[in-house]
Amino acid sequence: MTDTTANDNPLSGNVLFYGKPEPLSVEAHSGLGVEPAEQPYAFAASSNVVPLTVTEFAPSALSYPVIFIGETRQPVAVMGLRGGENLFVEANGAFRPEAYIPAYIRRYPFVFANDEAQKRLILCVDRDAPFVKEGGANPLFVDGKPSPYVEQAMEFCNNFEQERLRTEAFVKLLNDLQLLEIREATFTPRNPDGSAATPQKIAEYYAVSEDKMKALPADKLAELRDNGALGQIYAHLVSLAGWDRLIAIAFQKAAADQATAGNA
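What comes next concerns the included structure. (Residues numbered from 1 in each chain as written. Predicted model: local features only at pLDDT ≥ 70, side-chain atom pairs only at ≥ 80, totals over all residues. Heavy atoms only, no water.)

## Description of the pattern of salt bridges
Argument step 1. In total, this model carries 14 salt bridges according to the counting rule given.
Argument step 2. Between Glu161 and Arg164 there is a salt bridge, with the nearest N and O atoms lying 2.6 Å from each other. One end of the pair is Glu161 and the other is Arg164, both in helix 4 (residues 148–176) and three residues apart, which spans about a single turn.
Argument step 3. Residue classification places Glu161 among the buried positions, given a relative accessible area of 12%.
Argument step 4. With relative accessibility at 30%, the residue Arg164 sits in the partly exposed group.
Argument step 5. Between Arg164 and Glu168 there is a salt bridge, with its nearest N and O atoms 2.6 Å apart. Of this pair, Arg164 and Glu168 both sit in helix 4, four residues apart, which is roughly one turn of the helix.
Argument step 6. Residue Glu168 is classed as partly exposed on the basis of its relative accessible area of 45%.
Argument step 7. Within the structure, one salt-bridge network assembled from shared partners comprises Arg82, Glu85 and Lys253. (Salt bridge = Lys/Arg side-chain N within 4 Å of Asp/Glu carboxyl O. Helix = DSSP H or I, 4+ residues; strand = E, 2+ residues; numbered from the N terminus. Buried < 20%, exposed > 50% of the residue type's maximum accessible area, 1.4 Å probe, protein only.)

In structure tokens form, the structure reads like this:
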């Protein structure tokens with residue numbers, strides 16, 4: 001069940017990017033609107049990983065390594081090599097034009113929160129979002145009712161919630177089949193003479209083991225094929241070649257920053 005109205009029950013939910021999410025209500029937000037943003041994705045500039053839903057693996061694989069992290073084995077797109085740095089958000093707040101933008105980013109400044117007492121989801125808006133303003137161009141309420149803009153956001157968040165549940169089921173399947181293993185992403189720098197230096201570990205993460213995949217019984221492989229999971233697994237595996245691309249982007253940015261600093 002979903003709702004757009006606030007109440008006094010405690011809310012819970014994952015709110016990466018959200019500084020001050022508030023349950024949307026006509027009493028508190030009737031005069032607010034969302035302005036077209038000059039820096040639309042600046043809010044994501046300090047996050048080097050962004051959660052993904054399983055149906056986003058294929059489009060994301062063209063841009064990022066798609067990995068699993070943490071105790072919950074959350075699938076994420078890796079957008080930077082260091083915490084606090086997103087290599088795909090430009091200095092002007094624009095997203096690199098060739099890169100896929102995950103739904104987790106596109107739904108901002110809206111998000112669902114769990115109302116556990118009422119067993120429902122409440123639509124929230126981030127009051128810290130710089131483009132949520134009094135008298136904004138896209139009003140949140142019209143004549144005391146959620147505007148078409150909010151209704152569209154509600155539909156997007158509803159769809160996202162369904163994809164999130166599908167993703168949880170996919171991760172559970174991987175765990176049940178014990179397909180995930182710990183891997184490392186490494187980078188081998190070059191010495192001044194061009195020889196290979198000592199490899200450096202960039203990240204440690206979970207990925208599907210191809211050896212464990214090959215060891216699955218034929219009927220299990222057929223099941224993964226028929227329910228669509230096999231295609232998503234291969235998209236994830238193909239995406240891991242993206243570590244080299246990410247390293248190259250990091251070097252390009254570092255060189256550009258150094259050149260800018262030198263000209264200052």
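## Regarding the nonpolar core
Argument step 1. Residues Phe17, Phe88, Phe95, Ile105, Phe170, Ile233 and Trp243 are the most contacted members of the largest nonpolar core, which totals 73 residues.
Argument step 2. Per element, the largest residue contribution to this core is nine residues, and it comes from helix 4.
Argument step 3. Not counting the four nearest positions on each side in its chain, Phe170 is found in contact with Val54, Phe57, Phe68, Ala229, Gln232 and Ile233. (Core = buried A, V, L, I, M, F, W, Y, C linked by side-chain atoms within 4.5 Å. Contact = heavy atoms within 4.5 Å.)

## Brief notes about unusual backbone geometry
Argument step 1. For the bond from Tyr108 to Pro109, the omega torsion is 15°, close enough to zero to count as cis.
Argument step 2. Along the chain, Pro109 turns up in the loop between helix 3 (103–106) and strand 8 (110–115).
Argument step 3. Its identity is not glycine, yet Phe17 carries a phi of approximately 85°, on the positive side.
Argument step 4. Assignment of secondary structure puts Phe17 in the loop between strand 2 (11–12) and strand 3 (21–23).
Argument step 5. Take Phe17: its relative accessible area is 15%, and that puts it in the buried class.
Argument step 6. The phi dihedral of Asp143 falls on the positive side, at around 55°, and the residue is not glycine.
Argument step 7. Along the polypeptide, Asp143 turns up in the loop between strand 12 (141–142) and strand 13 (145–146).

## A look at helix 4
Argument step 1. Along its 29 residues, helix 4 runs 42 Å from first to last C-alpha, staying within 8% of the 42 Å computed at 1.5 Å per residue.
Argument step 2. Among the residues of helix 4, those classed as buried are Val150, Ala153, Met154, Cys157, Phe160, Glu161, Thr167, Phe170, Val171, Leu173 and Leu174.
Argument step 3. Once helix 4 finishes, Gln178 follows within two positions and takes phi at roughly 55°, a positive value. (Expected span 1.5 Å × (residues − 1).)

## Examining the pairing of strand 9 (residues 120–126)
The two faces of the sheet receive side chains in turn, since in a regular strand these alternate between them.
Argument step 1. Strand 9 sits mainly inside the fold: seven of its seven residues count as buried.
Argument step 2. By the alternation rule, side chains of strand 9 split into Arg120, Ile122, Cys124 and Asp126 and Leu121, Leu123 and Val125, which are all buried.
Argument step 3. Pairing between strand 3 and strand 9: three bridges, direction antiparallel. Bridging across to strand 9, Pro23 finds its partner in Cys124.
Argument step 4. Relative to strand 9, strand 8 is paired through six bridges, and the arrangement is antiparallel. Among the inter-strand pairings, Phe112 is bridged to a residue of strand 9, identified as Leu123. (Pairing = 2+ DSSP bridges.)

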